[in-house]
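# Commentary on secondary and tertiary structure
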Amino acid sequence: MTTPTRTIDLRSDTVTHPTPEMRRAMAEAEVGDDGWSDDPTVNRLEARAAELLGKEAAMFVASGTMGNLVSLLTHGTRGDEVIVGDESHILLHEVGGASALGGLVLRQVQTEANGTLDLDRVEAAIRTPGLGFPTTRLLCIENTHNRRSGRVIGPWYMSDAASLAGGFGLAVHLDGARIFNASIALDLPVAELVQDVDSLSFCLSKGLSCPIGSVVAGTSDFIQRARKIRRMVGGAMRQVGILAAAGLVALDTMVDRLKDDHDNARRLASGLSSLPGMRVDPEAVDTNIVVFAVVNRDAGTVADALENAGVRVSRMGGPMLRMVTHYGIEESDIDRTLEIAETVLTSRSSAL
Ligand code: TLP
């Protein structure tokens, strides 16, 4: 009997499992009713996150989607306009929640190849005070940028974007689901990357490997108002220190190792770039996400063939596929992935 080989799951860093230390901390967490702000472990996580991010306050939420939704609903009210990138997660992957639940209008600006929004285009999208226009309330930036292959955006851009927005009375929200990846890639403290934004959310449940959870941060006033919105959307939880305990372990033990994921992603991208029928620029891989195009073949069929051979990837629409490196994926898995990809791409099967 042959031993079955392990599937290499590169669909996302959301597939990560908690570390043994997290599981222990979760089992032993001191808890209370967070609906009454009584959970000491949640309070510790929120205080620690706020300190790390250099913000006045922070709040635990169930997911990145909830973090963005609550932030947008705290910034704006029905009929207000929010500027988002046309390739942003908020626009494309959050079920239109800000519009459906909050009545916010999402105004799209083209996303550049490096994940930024061109500031001249942003300025052109900001409404003048005319009677017939919605009020532009907020500018959203995503760092790292998911659909732009995990590109990082440096503090210089954040500062220019914030001063443009501030000049027109707009706030800035950062979808920083993977902001710790950006901090590691740029070798800058995370607080420096977020100092110019009014609010941000980051995920504990992606590269940081927690089972559940994200954190929203901003001024004390913002977080106080956001707590009310969180409750409105059903996100006030009770003995949630069980989850926050994993978050504390993640902030202590899982940030520095993101560098391994970035090295593995670079190795993957450079290997893929030498295979026939793949279009990928290894220089554009800053962090743990490799988005690439399949040329002259159907991307869905290639994804299925990879999966049958033991490598799971995610589809990004059209010819685009995505592989994401994370805790649990080793250098040897990358080499195995490249071997499998080569076999799949050089196969003469008519299905491909
Ligand atoms: N992204 C997921 C999918 O939804 C695409 C993934 O596999 O990458 N902001 C960004 C930039 C994200 O990439 C994600 C998740 C979220 C927000 C939402 O986080 P969750 O899944 O916790 O709601």
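Residues numbered from 1 in each chain as written. Predicted model: local features only at pLDDT ≥ 70, side-chain atom pairs only at ≥ 80, totals over all residues. Heavy atoms only, no water.

## Let's talk about the pattern of salt bridges
Opposite charge on two side chains permits them to pair, given that their charged atoms come into close proximity. Applying the stated criterion to the full structure yields 22 salt bridges. One salt bridge in this structure joins Arg178 and Asp13, with 2.8 Å as the shortest N-O distance. Of this pair, Arg178 sits in the loop between strand E6 (171–175) and helix H8 (179–186) while Asp13 sits in the loop between strand E1 (8–9) and helix H1 (20–28); the two residues are 165 residues apart in sequence, bridging distant segments of the chain. With respect to class, Arg178 is no different from Asp13; both count as buried. We note a salt bridge from Arg121 to Glu112, for which the minimum N-O separation is 3.7 Å. Given the relative accessible area of 41%, Arg121 is considered partly exposed. Salt bridges here are not isolated pairs; linked through shared partners, they connect Glu81, Arg107 and Arg127. (Salt bridge = Lys/Arg side-chain N within 4 Å of Asp/Glu carboxyl O. Helix = DSSP H or I, 4+ residues; strand = E, 2+ residues; numbered from the N terminus. Buried < 20%, exposed > 50% of the residue type's maximum accessible area, 1.4 Å probe, protein only.)

## So, the sheet that holds strand E5 (residues 136–142)
Whether parallel or antiparallel, the strands of a sheet pair through hydrogen bonds between backbone atoms. The sheet built from seven strands is open, its strands ordered E2-E8-E7-E6-E5-E3-E4 with mixed pairing. Of all the strands in the sheet, just strand E2 (57–61) and strand E4 (105–109) have a single pairing partner and so form its edges. The average undirected angle you get between the axes of adjacent strands in this sheet is 20°. Note that E5 and E6 share five bridges and pair parallel. Opposite Leu138, over in E6, you have Ala171 as the bridge partner. (Pairing = 2+ DSSP bridges. Axes fitted to C-alpha atoms, helices over the stretch in contact; angles between N-to-C directions.)

## Comments concerning the nonpolar core
Nonpolar side chains in soluble globular proteins tend to end up buried together. Membership of the largest hydrophobic core comes to 54 residues, with the highest contact counts inside it found for Leu139, Phe202 and Leu208. The biggest single contributor to this core is helix H11 (residues 241–253), with seven residues. Not counting the four nearest positions on each side in its chain, Leu139 is found in contact with Ile83, Leu117, Val122, Ala161, Ala165, Leu170, Ala171, Val172 and His173. (Core = buried A, V, L, I, M, F, W, Y, C linked by side-chain atoms within 4.5 Å. Contact = heavy atoms within 4.5 Å.)

## Some remarks on the state of the cysteines
Applying the stated rule across the entire model yields zero disulfides. Free of any disulfide, Cys210 has its nearest cysteine sulfur in Cys203, 10 Å distant. (Disulfide = S-S within 2.5 Å.)

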